[in-house]
Amino acid sequence: MTNTASLIALSKAMPKTELHLHIEGTFEPEQMFSIAQRNQVTLKYATVEELKAAYQFTNLQDFLDLYYQGMSVLIKEADFYDLTMAYLQKVHSENVVHVEIFFDPQGHTERGVPFDVQIKGIRQALEDAKQKWGMTYQLIMSFLRHLSEESAFETLEAAKPFLDWIDGVGLDSSEVGHPPEKFAKVFSVCRDLGLKITAHAGEEGPPEYVWQALDLIKVQRIDHGNRALEDDDLVAEIARQQLTLTVCPLSNLKLCVVNDMVDHPIRTMLKLGLKATVNSDDPAYFGGYMNDNYQALIERTQINKQELYQLARNGIEGSWMETAIKKQHLQQLDILFDN
Ligand code: ADE
Ligand code: ZN
């Protein structure tokens, strides 16, 4: 076997965590059409092929426009269950052992789908996957940053009866023009409620937004973080705080955050001492799930065995799973890599 082939085989076999995944971004066109039909909703596209042909993005907003359209067919609890279960089944087959899933409540409440309908469907699928396969999970409610802080507070109110089911809060959607400081108050309340905190920062937004995520939102993790590399002091601070970066290679390529996978900065991040991890973001839209993301890195950026190990290790260490379970996965990883 060539070195590339053996690294790909290793990446498929290793226990993996997914720390940056929008459940609405796992909506495969075939399932979207099937749920649209059962809910008697008409999509803007006539066929699966037509829809897939529209997946050409030049930036984040191009993608988000389609992403919100796609999720508009989700209406009933069973829709959220089926969506989540299809994703979990897929990644279980890829040796993903732990998932931390974002959902966008405002993308649904805005259309009249109540908070409880969404969370009950998603949570039931997560619980079933835990029962069936021992897959562990965390659920992260994400605020849409193109909406107001008042709307985020309303969402937090709707979430109050379900706080036992919610592990953390995030911040996503259109980044530029919507800096973290816009949400400083609501995240402060979330912290006081004991919720873990993460935020998308430095995907398209400048290093200043990443500083705000650190200083004002007080994130425990950074989603993406690519543009942090433009500021040496920021890199030093992220390394000092040992913050995990949830990096999404195929997403970065599809949304033109990088022009070519060859130029992806993930190896640079590791060299700088940053805790980079590999994640799929919105796999149904970006052409690949976990294993595809690793394969693209192996084939195009020439990551070596040590870097592959470090990425997987960072994913386990940077997750919010219980310490005892972390230890088990790390042991398994060491065995697999002969460490
Ligand atoms: N929502 C879903 N995917 C996203 C991404 N990559 N960036 C910001 N918001 C998102
Ligand atoms: Zn994301």
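Notes on the structure follow. (Residues numbered from 1 in each chain as written. Chains lettered and ligands numbered in written order. Predicted model: local features only at pLDDT ≥ 70, side-chain atom pairs only at ≥ 80, totals over all residues. Heavy atoms only, no water.)

### Looking at the overall build of the chain
Across its full length, the chain holds 17 helices and eight strands. Computed over C-alpha atoms, the radius of gyration of the chain comes to 19 Å, within 12% of the 20 Å expected from 2.2 N^0.38 for 339 residues, which places it in the range of a compact globule. Seen through its C-alpha atoms, the chain measures out along the principal axes to roughly 50 × 40 × 40 Å. A burial count over the chain gives 57% of its 339 residues as buried. For the chain, contacts bridging at least 24 residues in sequence account for 76% of all contacts bridging at least 6. Of the roughly 13,500 Å² of accessible surface on the chain, a fraction of 48% belongs to carbon and sulfur atoms. Within the chain, one finds 31 positive and 49 negative side-chain charges whose respective centroids are separated by 5 Å. (Helix = DSSP H or I, 4+ residues; strand = E, 2+ residues; numbered from the N terminus. Rg over C-alpha atoms; globule rule 2.2 N^0.38 Å. Buried < 20%, exposed > 50% of the residue type's maximum accessible area, 1.4 Å probe, protein only. Contact = heavy atoms within 4.5 Å. Areas by Shrake-Rupley, 256 points an atom, 1.4 Å probe, with all protein chains shown as cover. Lys, Arg positive; Asp, Glu negative; His and termini not counted. Charge placed at Lys NZ, Arg CZ, Asp CG, Glu CD.)

### A few points about the pattern of salt bridges
This structure, assessed with the given rule, holds 14 salt bridges. Taking the shortest distance from any N to any O, the salt bridge between Asp 260 and Arg 300 comes out at 2.8 Å. Taken as a pair, Asp 260 in the loop between α12 (249-254) and α13 (266-271) and Arg 300 in helix α15 (residues 290-301) lie far apart in primary sequence, 40 residues in all. Classification of Asp 260 as partly exposed rests on a relative accessible area of 29%. Residues Glu 307 and Arg 267 are paired through a salt bridge, measuring 3.0 Å at the closest nitrogen-oxygen approach. (Salt bridge = Lys/Arg side-chain N within 4 Å of Asp/Glu carboxyl O.)

### A few points about the coordination of the zinc ion (ligand 2)
Protein coordination at the zinc ion (ligand 2) comes from His 20 (NE2), His 22 (NE2), His 200 (NE2) and Asp 281 (OD), with a distance range of 2.0 to 2.3 Å. Sequence positions of the donors to the zinc ion (ligand 2) reduce to the motif H-x1-H-x177-H-x80-D. His 22 gets classed as buried once you look at its relative accessible area, which sits at 4%. (Donors = N, O, S within 2.8 Å, 3.2 Å for Na, K, Ca; no water.)

### Some thoughts on unusual backbone geometry
Unusually for a residue other than glycine, Lys 218 sits at a positive phi of about 55°. Within the secondary structure layout, Lys 218 lies in the loop between α10 (207-217) and β6 (221-224). Although it is not a glycine, Asp 281 adopts a positive phi angle of roughly 65°. Within the secondary structure layout, Asp 281 lies in the loop between β8 (275-278) and α14 (283-286).

### What to know about the nonpolar core
Counting residues in hydrophobic clusters, the biggest one holds 104 residues, and the most contacted among them are Val 99, Phe 143 and Ile 238. For this core, the element with the highest residue contribution is helix α7 (residues 115-133), accounting for seven residues. For Phe 143, the residues in contact, after removing those within four places along its chain, are Gln 106, Ala 152, Thr 155, Leu 156, Val 169, Gly 170, Leu 171, Asp 172, Val 186, Phe 187 and Cys 190. (Core = buried A, V, L, I, M, F, W, Y, C linked by side-chain atoms within 4.5 Å.)

### Some remarks on the site of ligand 1
Surveying the vicinity of ligand 1 reveals the residues His 22, Leu 60, Phe 63, Leu 64, Tyr 67, Asp 172, Ser 173, His 200, Glu 203, His 224, Asp 281 and Asp 282. The side chain of His 22 places a nitrogen or oxygen atom 3.3 Å from a nitrogen atom of ligand 1. Take Asp 282: an N or O atom from its side chain is 2.7 Å from a nitrogen atom of ligand 1. When ligand 1 is considered free in solution it has 260 Å² of accessible area, and contact with the protein chains removes 100% of it. In terms of residue count, helix α4 (residues 60-71) provides more of the shell around ligand 1 than any other element does, four residues in total. (Near = heavy atom within 4 Å. Polar contact = N/O pair within 3.5 Å; in protein donor to acceptor, adjacent residues only side chain to side chain.)

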